Amino acid sequence: MPVNRGKQFEDVVREAFEKVPGVSIDRLHDQTTHYKGSSNICDFIVYREPYEYYFECKSVHGNTLSIYSNDPKHKYGNISNAQWEGLLEKSKIEGVTAGIICWWIDKDVTKFISIKEFERIRAAGYKSVRFDYNNYYVTEITGKKKRVFFEYNMEAFLDEIQYNR
């Protein structure tokens, strides 16, 4: 059976968050059946006093993460409708940050982009986000490269997004 890089990436992210002192992390398992229309808005809910974070993990090959599609069932490209709309709704709550942790596999780059920034990018007419896209609402997640994956420093990552709130 082939190895699913996306699922492995999620495991790496979970393990990195588990190493951060004072962090609570909950993994929301994917609902492949979408029973009665249900679906998760993200992979992880992370809490570190006094903030809560909703993170969806994506891994992509190539230069871009698609955020637009003509298909109404998947109008946000690589991000499901439920994820986009759910993360956007959570981001409106005081003390909550929500967004996508994306690993551009071919570029060895991992970044967090807030869902509010994705919304702004999409409203400006862009259909994807390049691996080298940077601004105030984008945080590169650094770590030590192993054979395939990184050993991420999630404590520094949380410090940075907390500081940039």
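For the structure, check the block above.
Below you will find a few notes about this structure.

What counts, and where the lines are drawn
Residues numbered from 1 in each chain as written. Predicted model: local features only at pLDDT ≥ 70, side-chain atom pairs only at ≥ 80, totals over all residues. Heavy atoms only, no water. Helix = DSSP H or I, 4+ residues; strand = E, 2+ residues; numbered from the N terminus. Buried < 20%, exposed > 50% of the residue type's maximum accessible area, 1.4 Å probe, protein only. Phe/Tyr/Trp six-rings, centres within 6.5 Å; stacked < 30°, edge-to-face > 60°. Lys NZ or Arg CZ within 6 Å of the ring centre and 35° of its normal.

Below, the discussion takes up unusual backbone geometry. A cis amide bond, omega 5 degrees, links Glu49 with the succeeding residue Pro50. Following the sequence through the fold, Pro50 ends up in the loop between strand S2 (44-48) and strand S3 (51-60). With a phi close to 55 degrees, Asp108 is a non-glycine residue in the positive phi region. Summarising the element assignment, Asp108 is placed in the loop between strand S5 (96-104) and strand S6 (109-114). Note on Asp108: relative accessible area 35%, which makes it partly exposed.

How two aromatic rings sit relative to each other is set out by the distance from centre to centre and by the angle between their planes. Going through the model one piece at a time under the given rule, you end up with 13 aromatic pairs. Centre to centre, the rings of Trp103 and Phe149 are 5.1 Å apart; their planes meet at 45 degrees, and the pair counts as tilted. Here Trp103 is found in strand S5, whereas its partner Phe149 is found in the loop between strand S9 (143-145) and strand S10 (150-152), with 46 residues between them in sequence. Per residue, the accessibility class of Trp103 equals that of Phe149, and both read buried. Connected via pairs of aromatic rings, a cluster forms that spans Phe9, Trp103, Phe149, Phe150 and Tyr152. The aromatic ring of Phe44 is capped on one face by Arg27, whose charged end is 5.3 Å from the ring centroid.

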